[in-house]
Amino acid sequence: QVHLVESGGGLVQPGGSLRLSCAASGRILSINAMGWYRQAPGKQRELVARSTSGGTTDYADSVQGRFTISRDNARNTVYLQMNSLKPEDTAVYYCNALILEMIGLSGRKENDCWGQGIAVTVSS
């Protein structure tokens, strides 16, 4: 079974920076898109940034120019560098990945995988 483990969240003052990491582990054959979503209290989960295996990146308008997504394909890891953080960035951030997983001896299955979520709080 594939697992996504996030790290790097916490409390930061407005204008500060944080770097989130998400590492995928398990019987992974390949990873297509990897990205980050967030959910603030009382709001729906929303896309923050996404990176495809082809190198295409997408950002929410609200984070464009402040956040940067990157991947280390050799380590099956995706990062989110967050700069100039604002109180409205406060949310639980979730890692997401579309993973082709090996099943049994020769089977394969594509899974839409989620991490457990990590809290980011921007407050003075």
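Once a new chain begins, its residue numbering starts again from 1 and follows that chain's sequence as written. Since the coordinates come from a predicted model, pLDDT governs what is reported: local features require at least 70, and pairs of side-chain atoms require 80 or more to be given and counted, while whole-chain, interface and lining totals use all residues. Side-chain measures were taken over the full set of non-hydrogen atoms in the model, leaving aside hydrogen atoms and water.

## As for the nonpolar core
In globular proteins that are soluble, nonpolar side chains generally tend to be buried together.
Now for step 1: One finds Trp36, Leu80, Met82, Tyr93 and Ile99 to be the most contacted residues of the largest nonpolar core, which totals 32 residues.
Now for step 2: Elements are defined by DSSP. Helices are runs of H or I of four residues or more, strands are runs of E of two residues or more, and each kind is numbered from the N terminus. Of all the secondary-structure elements, those providing two or more residues to this core are β3 (18–25), β4 (28–39), β5 (46–51), β7 (67–72), β8 (77–82), β9 (91–103) and β11 (118–122).
Now for step 3: The element contributing the most residues to this core is β9, with five residues.
Now for step 4: In what follows, a contact means two residues having at least one pair of non-hydrogen atoms within 4.5 Å. If sequence neighbours within four positions are ignored, Ile99 has contacts with Val2, Leu4, Ala24, Ile28, Ser30, Ile31, Lys109, Glu110, Asn111 and Cys113. Buried Ala, Val, Leu, Ile, Met, Phe, Trp, Tyr and Cys residues that are joined via side-chain atoms within 4.5 Å together make up what is termed a nonpolar core. Only protein chains enter the area calculation, which uses a 1.4 Å probe; residues under 20% of their type maximum are buried, those over 50% are exposed, and those in between are partly exposed.

## Considering the packing of aromatic side chains
Now for step 1: Classification of ring pairs rests on two measures: the distance between centres of Phe, Tyr or Trp rings, Trp counted by its six-membered ring, which must be within 6.5 Å, and the angle between planes, read as stacked under 30 degrees, edge-to-face over 60 and tilted in between. In the structure shown here, the tally under the stated rule is one aromatic pair.
Now for step 2: We call a charge positioned above a ring when the Lys NZ or Arg CZ atom is no farther than 6 Å from the ring centre and deviates by at most 35 degrees from the ring normal. One residue, Arg19, lies across the ring of Tyr79, its end atom 4.0 Å from the ring centre.
Now for step 3: Over the ring of Tyr94 we find Arg45, and its NZ or CZ is 3.8 Å from the ring centre.

## As for the environment of Ser21
Now for step 1: Inspection of the secondary structure assignment puts Ser21 in strand β3.
Now for step 2: A sequence separation of 18 residues divides Ser21 from Gln39, and the C-alpha atoms of the two residues are 17 Å apart.

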